[in-house]
Amino acid sequence: MDIKSALPKKDASLTMAHMWVAFISLLIGGLMGLLQTFVRTGKITLPFGIDYYQILTVHGVILALVLTTFFIIGFQFALMSKTVGMSDGQRKWGWIAFWIMLLGTTATAIMILLGKASVLYTFYAPLAAHPIFYFGLTFVVVGSWVACFVNFHQLFKWKKQNPREKSPLLAFMVVINMAIWFIATLGVAATVLIQFIPWSLGLVDEINILVSRTLFWYFGHPLVYFWLLPAYMAWYGIIPKIIGGKIFSDGLARLAFILFLLFSIPVGFHHQLLEPGIDPFWKYIQVVLTFAVAIPSLLTAFSMFAVFESAGRAKGERSLFGWFKALPWKDVRFLAPMIGMIAFIPAGAGGLVNASNQLNLVVHNTIWVTGHFHLTLATTVILTFFGISYWLIPVLTGRKLDAKTNRLGIMQTIVWSLGMFIMSGSMHIAGLLGAPRRSSFSEYNGSEQAVEWIGYQYAQAIGGSILFIGILLMMYTFFYMTFSAPKGIEEFPIAEEELNADTTPTIFENWRLWIGIAVVLIAFAYTIPFIDIIQNSPPGAPPFQW
Ligand code: HAS
Ligand code: CU
């Protein structure tokens with residue numbers, strides 16, 4: 001496909017529909033975040049009887065679940081269309097997936113806004129929401145499954161037509177991510193359909209809390225990689241092109257993704273280390289697997305350094321760190337994801353702290369964890385998504401990434417990084433001082449310890465305000481790119497391999513093998529503890545409405 005037809009128009013509309021939902025979610029969710037930081041200073045109360053936990057639920061659901069899922073699925077459709085193509089039938093199913101997800105999202109959002117589902121994005125039992133909230137979530141998941149099968153079919157069909165060829169790297173990566181998503185969402189679908197829906201409808205009196213949380217985290221950890229992997233797609237498969245370099249190693253990139261498929265699911269217990277009722281031996285096993293899932297990220301770090309250095313050397317840089325200067329710092333398509341990468345160094349280290357049993361004791365349920373995911377998700381991943389938008393939206397709307405977009409983007413990136421640095425930094429520190437997460441403002445009866453947190457809560461409000469400016473800037477840029485930037489053709493940057501690159505082992509495309517091993521690892525890590533949990537659980541709990 002030549003650059004002139006960056007993306008077929010009909011495929012562009014499908015991705016653009018997803019982008020609209022993602023960016024509107026950013027605006028709504030971001031506003032809620034701002035209000036939360038204000039409430040937590042203790043100086044401001046919400047008007048009209050709006051409840052803190054209601055806006056916290058809107059924030060979590062709309063940003064962590066809606067924005068991400070729509071952006072990712074839309075972006076992945078664009079990658080698939082560009083690399084392996086999309087037939088009319090596949091596009092039709094792509095639209096069906098979109099509408100099912102949107103219907104589910106709308107139902108869920110209405111329930112939260114009516115104050116009937118203030119259960120936060122993890123919807124832990126025994127907090128109970130209106131049944132429509134759970135039905136809405138089910139629709140989002142079912143819609144995403146349709147998208148999974150469209151992507152699987154796209155690669156399958158391409159492979160049939162090109163039996164001797166290696167699948168395009170980005171298409172391979174999309175299919176891995178969707179395979180992880182499909183296997184993981186089986187857990188959340190099970191708890192919602194078998195436990196939450198009958199319980200919230202009053203068909204059964206009690207819910208088994210530990211089973212529901214275990215099924216949730218079986219999904220909840222791979223969920224974070226479902227967010228991360230599209231960012232990695234851009235790092236491996238797009239950034240080399242933007243900086244004028246080549247893919248460092250196609251084989252290494254695929255290996256990293258396969259390791260994610262193997263290790264991202266059997267690790268959910270690292271969110272439940274302090275939960276009584278799970279045998280410590282199995283917690284230990286899952287912690288070991290958690291450290292194994294850091295390896296593909298370390299491979300990614302290595303690979304990115306190699307790409308940067310070799311691109312710089314190819315441009316004639318000779319000194320030890322000269323390649324660093326040769327990077328296109330003034331190109332927002334590079335700058336935004338690059339700051340995301342830099343943030344991932346402390347963010348990933350924080351993750352390893354969380355996963356360490358003894359340290360988890362210190363940080364669990366403190367606002368440190370909130371700091372952790374604002375650095376991983378809201379900085380590394382989201383800055384990369386913003387970086388993608390600056391070229392993707394123009395590709396979709398048939399406009400140019402002009403100097404104005406680039407300028408706005410650079411400003412946005414700086415504002416966002418500064419806001420997140422202040423907010424997430426103070427969350428990490430306050431967490432170490434014991435400040436709880438998932439909680440509204442409280443002086444804890446004038447406790448001395450709570451006084452120590454106040455300064456950091458102000459800092460969070462300052463960071464949150466800067467971030468909200470970042471959101472307004474991003475929205476302005478989104479509208480500018482959609483409606484007013486000059487018409488033209490923008491490049492869809494897809495990185496290429498060196499001409500003399502090593503060949504990629506064909507075993508990497510043996511889907512049966514990798515999915516087989518993934519299933520065996522999941523069965524190993526979960527079967528015995530799960531039977532134990534079911535057999536030895538305390539009595540279940542009736543619904544509790546906030
Ligand atoms: Fe996490 C909790 C452990 C990664 C998100 N995590 C959360 C929650 C979220 C989340 C949302 O073990 C809260 C859930 C809730 O509501 O309760 N996390 C980890 C570990 C990793 C990790 C081991 N998390 C992520 C990512 C997320 C995310 C990614 C979102 C996208 N996390 C935990 C644990 C908890 C947890 C516990 C539970 C805590 C509790 O008690 O509740 C690892 O995957 C991290 C590996 C990463 C690395 C870094 C590699 C660095 C790279 C950058 C290279 C930079 C370059 C630039 C090339 C080893 C790839 C260089 C340029 C220069 C100029 C220097
Ligand atoms: Cu996790």
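Residues numbered from 1 in each chain as written. Chains lettered and ligands numbered in written order. Predicted model: local features only at pLDDT ≥ 70, side-chain atom pairs only at ≥ 80, totals over all residues. Heavy atoms only, no water.

Enquirer: Could you clarify how one ought to interpret the side chain of Gln36 in this entry?
Expert: Summarising the element assignment, Gln36 is placed in helix α1 (residues 9-39). Once residues within four sequence positions are removed from consideration, Gln36 is found in contact with Tyr52, Ile55, Leu56 and His59. (Helix = DSSP H or I, 4+ residues; strand = E, 2+ residues; numbered from the N terminus. Contact = heavy atoms within 4.5 Å.)

Enquirer: Would you mind showing me how to read the site of ligand 1 here?
Expert: Near ligand 1 lie 37 residues; those nearest to it are Tyr225, Asn360, His364, His372 and Arg437. Here an oxygen atom of ligand 1 sits 3.1 Å away from a polar atom, N or O, in the main chain of Ala355. The contact in question runs from an oxygen atom of ligand 1 to an N or O atom on the side chain of Arg437, over 2.7 Å. When contributions to the shell around ligand 1 are tallied by element, the ones reaching two or more residues are α6 (209-237), α9 (280-314), α11 (332-355) and α13 (367-397). The dominant element in the shell around ligand 1, judged by the number of residues it contributes, is α11, at 10 residues. Counted by class, the shell around ligand 1 contains 24 nonpolar, 11 polar and two charged residues. (Near = heavy atom within 4 Å. Polar contact = N/O pair within 3.5 Å; in protein donor to acceptor, adjacent residues only side chain to side chain. Nonpolar A, V, L, I, M, F, W, Y, C, P; charged D, E, K, R; others polar.)

Enquirer: How should I be thinking about the coordination of the iron atom of ligand 1 in this particular structure?
Expert: Reference geometry at the metal: tetrahedral coordination by four donors gives ideal angles of 109.5 degrees; octahedral coordination by six donors gives 90 or 180 degrees. The protein supplies the iron atom of ligand 1 with one donor atom, His372 (NE2), which lies at 2.2 Å. Separating the iron atom of ligand 1 from the copper ion (ligand 2) is a gap of 4.5 Å. Turning to its location among the elements, His372 is positioned in helix α13. (Donors = N, O, S within 2.8 Å, 3.2 Å for Na, K, Ca; no water.)

Enquirer: Where do I start with the coordination of the copper ion (ligand 2) in this structure?
Expert: Distances from the copper ion (ligand 2) to its protein donors, namely His221 (ND1), His270 (NE2) and His271 (NE2), fall within the range 1.8 to 2.0 Å. Each donor residue of the copper ion (ligand 2) belongs to the same chain, and together they define the spacing H-x48-H-H. You can call His271 partly exposed: its relative accessible area is 23%. (Buried < 20%, exposed > 50% of the residue type's maximum accessible area, 1.4 Å probe, protein only.)

Enquirer: Which parts of the structure should I look at to understand the pattern of salt bridges?
Expert: It is possible for side chains bearing opposite charge to pair when their charged atoms get close. Going through the model one piece at a time under the given rule, you end up with 14 salt bridges. The partner of Glu491 in a salt bridge is Arg333, with the nearest N and O atoms 4.0 Å apart. Here Glu491 is found in the loop between α15 (448-484) and α16 (511-536), whereas its partner Arg333 is found in helix α11, with 158 residues between them in sequence. In this structure, the salt-bridge partner of Glu490 is Lys400, at a minimum N-O distance of 3.9 Å. Residue Glu490 is found in the loop between α15 and α16, and its partner Lys400 is found in the loop between α13 and α14 (403-432); the two are separated by 90 residues along the sequence. (Salt bridge = Lys/Arg side-chain N within 4 Å of Asp/Glu carboxyl O.)

Enquirer: So what exactly am I meant to see when it comes to a nonpolar patch on the surface here?
Expert: A cluster of nonpolar side chains, contributed by Leu103, Phe135, Phe139, Leu201, Leu203 and Val204, occupies part of the molecular surface with about 560 Å² of accessible area. Note on placement: Phe139 falls in helix α4 (residues 131-161). With a relative accessible area of 36%, Phe139 lands in the partly exposed category. (Patch = residues over 30% accessible without salt bridge, like charges linked within 9 Å, V, L, I, M, F, W, Y side chains within 5 Å. Areas by Shrake-Rupley, 256 points an atom, 1.4 Å probe, with all protein chains shown as cover.)

Enquirer: Sorry, what's going on with the packing of aromatic side chains here?
Expert: Aromatic ring pairs are reported here in terms of the distance separating the ring centres and the angle at which the planes meet. Applying the stated criterion across every chain yields a total of 49 aromatic pairs. Measuring from ring centre to ring centre gives 5.2 Å for Phe269 and Tyr526, while their planes differ by 75°; the resulting arrangement is edge-to-face. Of this pair, Phe269 sits in the loop between α8 (250-263) and α9 while Tyr526 sits in helix α16; the two residues are 257 residues apart in sequence, bridging distant segments of the chain. By the burial criterion, Phe269 is buried, and Tyr526 matches it. Each residue in the set Phe123, Phe133, Tyr134, Trp181, Phe196, Trp199, Phe216, Trp217, Phe219 and Phe226 is aromatic and connected to the rest through ring pairs, giving one cluster. (Phe/Tyr/Trp six-rings, centres within 6.5 Å; stacked < 30°, edge-to-face > 60°.)

Purely geometric stuff here, so don't read any function into it on its own.
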